[in-house]
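Architecture and fold: a report
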Amino acid sequence: MTDSVFLSVEQLEQTLKAGSVTSDAEMARQLSGMQLTERLSNTKAAALRSGLKGKKSREALAALADRSVFRAPPASDILSDPPAEQHTQELMLSRTVQYVQKTLPKIPDFIADRLTISYEQVQLEPGQTWKTATGDQSLHIVQTAKSTVMFRDGKEVSNGEKVKRSTLEAITLQTVGIFGPILAIALVGATAPQSDITWSYWEKGLRGPDAVFRYHARPQKPLFAVGAESLSEDGKIVPFQMNVPFHGELAIDPQSGAILRLTMQADFQPRMPLDESDVMVEYGPVAIGGNTYVCPLKSVSISRQRHILGLHEWGLDFNVYAPFESLLNDTAFSNYHLFHSTVRMLPEYTPAPN
């Protein structure tokens with residue numbers, strides 16, 4: 001496929017309804033060639049997924065929904081209420097600052113299960129030219145990883161990862177700091193003196209209207225670190241990393257100041273080996289140790305970077321840049337519970353004779 005078909009959420013619903021008799025493979029192929037102009041909510045995505053016939057089409061729909069998370073929601077999800085007054089906006093943002101500064105540090109050490117599904121574009125076949133893209137921009141699952149995440153002393157630690165790959169050469173995309181640090185980075189960047197944060201709209205939330213603010217973060221010291229692989233002057237593969245300004249949205253509970261959804265999208269200069277690095281995190285109430293906390297439920301990371309190929313031409317071996325390709329991670333968090341040690345007292349015992 002060479003061109004994507006752009007659809008609204010309503011048009012997608014109509015397309016899937018009209019294609020209800022289509023095979024699983026054909027529906028997956030059609031979905032892989034689509035892009036949404038609006039954000040597909042989790043509720044609508046679940047309803048559409050239940051009407052699909054098989055695994056391939058459900059996976060294609062999941063990738064389509066994930067790609068839409070940085071879009072604006074459909075008009076039906078935006079409330080027609082007038083914008084909050086300026087002093088109310090300032091009050092909500094001050095509550096958010098208090099939430100990040102005082103509430104988050106009180107969250108106890110906990111453990112959660114993390115499931116990450118990784119997607120990437122179709123790789124070039126041997127013999128294909130490395131100078132031009134294949135034209136197929138669709139995403140396919142290449143890896144599923146399960147792990148236990150510990151949040152201890154304000155730091156995120158992961159262990160026990162079990163990985164299932166569908167290809168031996170999967171390119172990994174890693175996102176660090178979902179628990180806690182990303183909230184502080186987004187808020188500090190958005191409220192810096194050189195930055196802009198403005199009212200956007202009221203959005204339908206699970207427990208009432210959410211206040212959505214749009215921001216452009218331009219702190220004196222960039223806080224958002226991104227990276228990829230790059231080629232040095234002698235053609236060796238070296239890590240590329242830099243801190244960049246960023247922009248995005250914050251969806252806030254207007255009463256508590258809790259951040260319920262945030263997006264961070266990197267702002268790159270031209271001619272970089274990486275030209276897209278975006279993160280979205282959704283938060284919701286989670287019971288831990290008899291108390292309720294707002295914790296990450298889902299995150300989506302998208303990266304678009306130059307792939308590097310090793311070639312053997314004219315009797316020489318060398319590395320070259322291939323076209324840009326997209327990587328996507330869909331991560332879900334579940335099974336939250338307290339992380340603590342247990343002590344068991346043993347009854348008195350009589351030492352054995354020598």
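Structural notes, computed from the coordinates. (Residues numbered from 1 in each chain as written. Predicted model: local features only at pLDDT ≥ 70, side-chain atom pairs only at ≥ 80, totals over all residues. Heavy atoms only, no water.)

So, about the overall build of the chain. Looking only at helices and strands, the chain features six helices and 14 strands. In the chain, the share of contacts with a sequence separation of at least 24, taken over all contacts with a separation of at least 6, comes to 64%. If you sum the accessible surface of the chain, you get close to 20,000 Å²; carbon and sulfur atoms cover 53% of it. (Helix = DSSP H or I, 4+ residues; strand = E, 2+ residues; numbered from the N terminus. Contact = heavy atoms within 4.5 Å. Areas by Shrake-Rupley, 256 points an atom, 1.4 Å probe, with all protein chains shown as cover.)

In this section: helix H6 (residues 181-190). Along H6, the residues classified as buried are Ile182, Leu183, Ala186, Leu187, Gly189 and Ala190. Each buried residue of H6 lies within a common arc of 165° when the element is viewed along its axis, so the set occupies one face. Next to the buried residues of H6 lie helix H5 (86-103), strand S6 (196-204), strand S7 (209-217), strand S10 (246-252), strand S11 (259-266) and strand S12 (274-288). (Buried < 20%, exposed > 50% of the residue type's maximum accessible area, 1.4 Å probe, protein only. Arc of directions from axis to C-beta.)

Taken as a whole, this structure holds ten salt bridges when the rule is applied. The salt bridge partner of Arg214 is Glu249, with a shortest N-O separation of 3.6 Å. Here Arg214, found in strand S7, pairs with Glu249, found in strand S10; they are 35 residues apart in sequence, far enough to count as distant. A relative accessible area of 39% places Arg214 in the partly exposed class. Where Asp330 meets Lys298, a salt bridge forms, and the shortest distance between an N and an O atom there is 2.9 Å. Of the two residues, Asp330 is situated in strand S14 (residues 316-338) and Lys298 in strand S13 (residues 291-313); the sequence distance between them amounts to 32 residues. One exposure class covers both Asp330 and Lys298, and it is buried. Salt bridges sharing partners connect three or more residues here, namely Arg39, Glu203, Arg214, Glu249 and Arg261. (Salt bridge = Lys/Arg side-chain N within 4 Å of Asp/Glu carboxyl O.)

For helix H4 (residues 55-67), built from 13 residues, the straight-helix expectation of 18 Å at 1.5 Å per residue is met to within 8% by its first-to-last C-alpha distance of 19 Å. Every buried residue belonging to H4 is among Ser57, Ala60, Leu61, Ala63, Leu64, Ala65 and Asp66, and all of these are buried. (Expected span 1.5 Å × (residues − 1).)

Both S6 and S7 contribute to a ladder of eight bridges, which runs antiparallel. In the strand pairing of S7, Trp199 is matched with Phe213. The turn linking S6 back onto S7 is made up of four residues, and Gly208 within it adopts a positive phi angle of 135°. Pairing analysis gives seven bridges linking S7 to S10, with the strands arranged antiparallel. Bridge pairing links Tyr215 to Gly248 in S10. (Pairing = 2+ DSSP bridges.)

Let us look at the nonpolar core. A general feature of soluble globular proteins is that nonpolar side chains tend to end up buried together. In terms of nonpolar packing, the biggest core is built from 50 residues, with Ile182, Tyr215, Phe224, Leu250, Leu262, Met264 and Tyr336 touching the most fellow members. Looking at this core element by element, the count peaks at six residues for S12. The next biggest cluster of nonpolar side chains, apart from the first, holds 17 residues, and it includes Leu7, Leu12, Met34 and Leu36. (Core = buried A, V, L, I, M, F, W, Y, C linked by side-chain atoms within 4.5 Å.)

Another point: the environment of Asp24. Take Asp24: it is sitting in helix H2 (residues 24-32). Here the alpha-carbon distance between Asp24 and Leu52, two residues 28 residues apart in the chain, equals 7.6 Å. Apart from the residues lying within four places of it in its own chain, the contact partners of Asp24 are Lys53, Gly54, Lys55, Lys56 and Ser57.

Let us now look at the pairing of S10. With respect to burial, S10 is a largely interior element, six of its seven residues being buried. The sheet contact formed by S10 and S11 spans five bridges and is antiparallel. Looking at S11, one finds that Leu250 is bridged to Leu262.

Attention now goes to unusual backbone geometry. At Asn335, a residue that is not glycine, the phi angle is positive and equals roughly 55°. Relative to the helices and strands, Asn335 resides in strand S14. In this structure Asn335 comes out as partly exposed when scored by relative accessible area, which is 47%.

Any two packed helices are characterised by how steeply their axes cross, that is the angle between the axes, and by the distance between the axes. Close contact between helix H3 (residues 42-50) and H4 brings their axes to 10 Å; oriented N to C, the two are set at 160°. The angle between H3 and H4 falls in the class roughly antiparallel. Relative to H4, H3 is oriented so that their crossing is right-handed. Contacts from Ala45, Leu48 and Arg49 of H3 reach H4 at Arg58, Leu61 and Ala65. Grouping the amino acids of the contact of H3 with H4 by side-chain chemistry returns four nonpolar, no polar and two charged. (Axes fitted to C-alpha atoms, helices over the stretch in contact; angles between N-to-C directions. Parallel < 35°, antiparallel > 145°, perpendicular 65-115°, else oblique. Left-handed = near helix turned anticlockwise from the far one by under 90°. Nonpolar A, V, L, I, M, F, W, Y, C, P; charged D, E, K, R; others polar.)

What follows concerns the side chain of Ser303. Tracing the sequence through the fold places Ser303 in strand S13. At a separation of 2.9 Å, a polar atom in the side chain of Ser303 contacts the side chain of Gln305. (Polar contact = N/O pair within 3.5 Å; in protein donor to acceptor, adjacent residues only side chain to side chain.)

Our focus in this paragraph is the environment of Ser256. With respect to the helices, strands and loops of the structure, Ser256 is situated in the loop between S10 and S11. Exposure remark for Ser256: the relative accessible area of 39% places this residue in the partly exposed category. A sequence separation of 158 residues divides Ser256 from Gln98, and the C-alpha atoms of the two residues are 9.3 Å apart. In this structure, Ser256 is in contact with Arg95 and Tyr99, ignoring residues within four places of it in sequence. A polar atom in the side chain of Ser256 sits 3.2 Å from the side chain of Asp253. In terms of polar contacts, Ser256 uses its side chain to reach the backbone amide nitrogen of Ala258, at 3.2 Å.

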